[in-house]
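# Fold and geometry: a report
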Amino acid sequence: MRRLLPDPGPTTVERQLDTYRPWEHPHPDRPLVAMNFASTVDGRATIDGVSGPIGSDADTAMLVGLRRRFDAVMIGAGTMRAERYGRLAGKDETREQRRQLDLAPEPLMVIVSGRLDLPWDAPLFTAGGGEVLVFTATETEPPETASPLQVVRHEGAVNLVEAMRHLRRERGINALLCEGGPHLHDQLQADGLVDDLFLTTAPKLSGGNAPRIIEGPLPGVVELELSWLVEEDGELFARYRCR
Ligand SMILES: NC(=O)c1ccc[n+]([C@@H]2O[C@H](COP(=O)([O-])OP(=O)(O)OC[C@H]3O[C@@H](n4cnc5c(N)ncnc54)[C@H](OP(=O)(O)O)[C@@H]3O)[C@@H](O)[C@H]2O)c1
């Protein structure tokens, strides 16, 4: 793996992320928020309906390395339905690495769901470890889950500004990694809630009508500043700052 920008030279996922300490930079009313996405060169965020076939092992390593450095990981219900997440930090090694950074052993998993139409048989809910917080807009009760589950209800739709304030003030979340999907990303950008965008561009073309990394009526253009660019086997790993 080599860094192309800002100072060219050899690097690794660990070395690249070593000085990235998002938990030290929360906002007064919300966590620092970073988005992570993988895309094909033609801008597609899924292949056959999921993101897995887009990136390489290096992309997975970057994602795992990032997760290790955040207090919470957030996704939308559409991503949970498609990707069926499991527990985020079940391995002792991961938990120990987080402890060494003075972070809680396991990130809080946060899901934004209008209808609570979630795959309740997915490992995230059945594993029995790792806390899950769901922001929802329905009065429907969730089923019993083996993993600890908290539901926070909003009227009409989840107000993401309020949700972020809740995470910061009530849960002490200083840094949140949002892993999509494209509709949730659109709203977070529209509300000005995103600080960093990590984007993997895989050297692939997939065509078709698959979504892009942002789907929805963004009210204006968001200007991005390239903070770093890393390459391995033709795959590009960019970190952008959202202005
Ligand atoms: N390439 C990548 O890096 C990547 C990353 C993530 C996801 N993906 C792909 O993206 C696809 C899913 O995308 P998506 O855009 O449909 O999913 P999404 O953004 O994860 O989820 C959309 C859903 O989230 C809920 N939601 C979002 N904002 C809400 C609000 N303010 N209030 C209430 N509910 C809200 C709604 O849930 P309800 O339906 O419950 O109302 C909505 O239908 C999947 O195929 C996944 O594989 C790719």
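All of the points below concern the structure found in this document. (Residues numbered from 1 in each chain as written. Predicted model: local features only at pLDDT ≥ 70, side-chain atom pairs only at ≥ 80, totals over all residues. Heavy atoms only, no water.)

Take the packing of aromatic side chains next. Tallied over the full model, the rule gives five aromatic pairs. Measuring from ring centre to ring centre gives 6.2 Å for Tyr 20 and Trp 228, while their planes differ by 80°; the resulting arrangement is edge-to-face. Of the two residues, Tyr 20 is situated in the loop between α1 (13-18) and β3 (32-40) and Trp 228 in strand β10 (residues 224-232); the sequence distance between them amounts to 208 residues. Taken individually, Tyr 20 and Trp 228 each receive the classification buried, so the pair is uniform in this respect. Residues Trp 120 and Phe 125 carry aromatic rings whose centres are separated by 4.6 Å and whose planes lie at 45° to one another, so their mutual orientation is tilted. By relative accessible area, which is 1% here, Phe 125 ends up buried. Grouped by ring-pair contacts, the aromatic residues Tyr 20, Phe 70, Phe 198 and Trp 228 constitute a single cluster. One Lys or Arg, Arg 239, reaches over the ring of Trp 228 and ends 5.1 Å from the middle of that ring. (Phe/Tyr/Trp six-rings, centres within 6.5 Å; stacked < 30°, edge-to-face > 60°. Helix = DSSP H or I, 4+ residues; strand = E, 2+ residues; numbered from the N terminus. Buried < 20%, exposed > 50% of the residue type's maximum accessible area, 1.4 Å probe, protein only. Lys NZ or Arg CZ within 6 Å of the ring centre and 35° of its normal.)

Mapping Thr 40 onto the fold places it in strand β3. Taking relative accessible area as the criterion, Thr 40 reaches 1% and is therefore assigned buried. Of the polar contacts made by the side chain of Thr 40, one reaches the side chain of Asp 42; its length is 2.5 Å. Leave out the neighbours within four places in its chain, and Thr 40 touches Ile 47, Ile 54, Thr 201, Ala 202, Lys 204 and Ser 206. (Polar contact = N/O pair within 3.5 Å; in protein donor to acceptor, adjacent residues only side chain to side chain. Contact = heavy atoms within 4.5 Å.)

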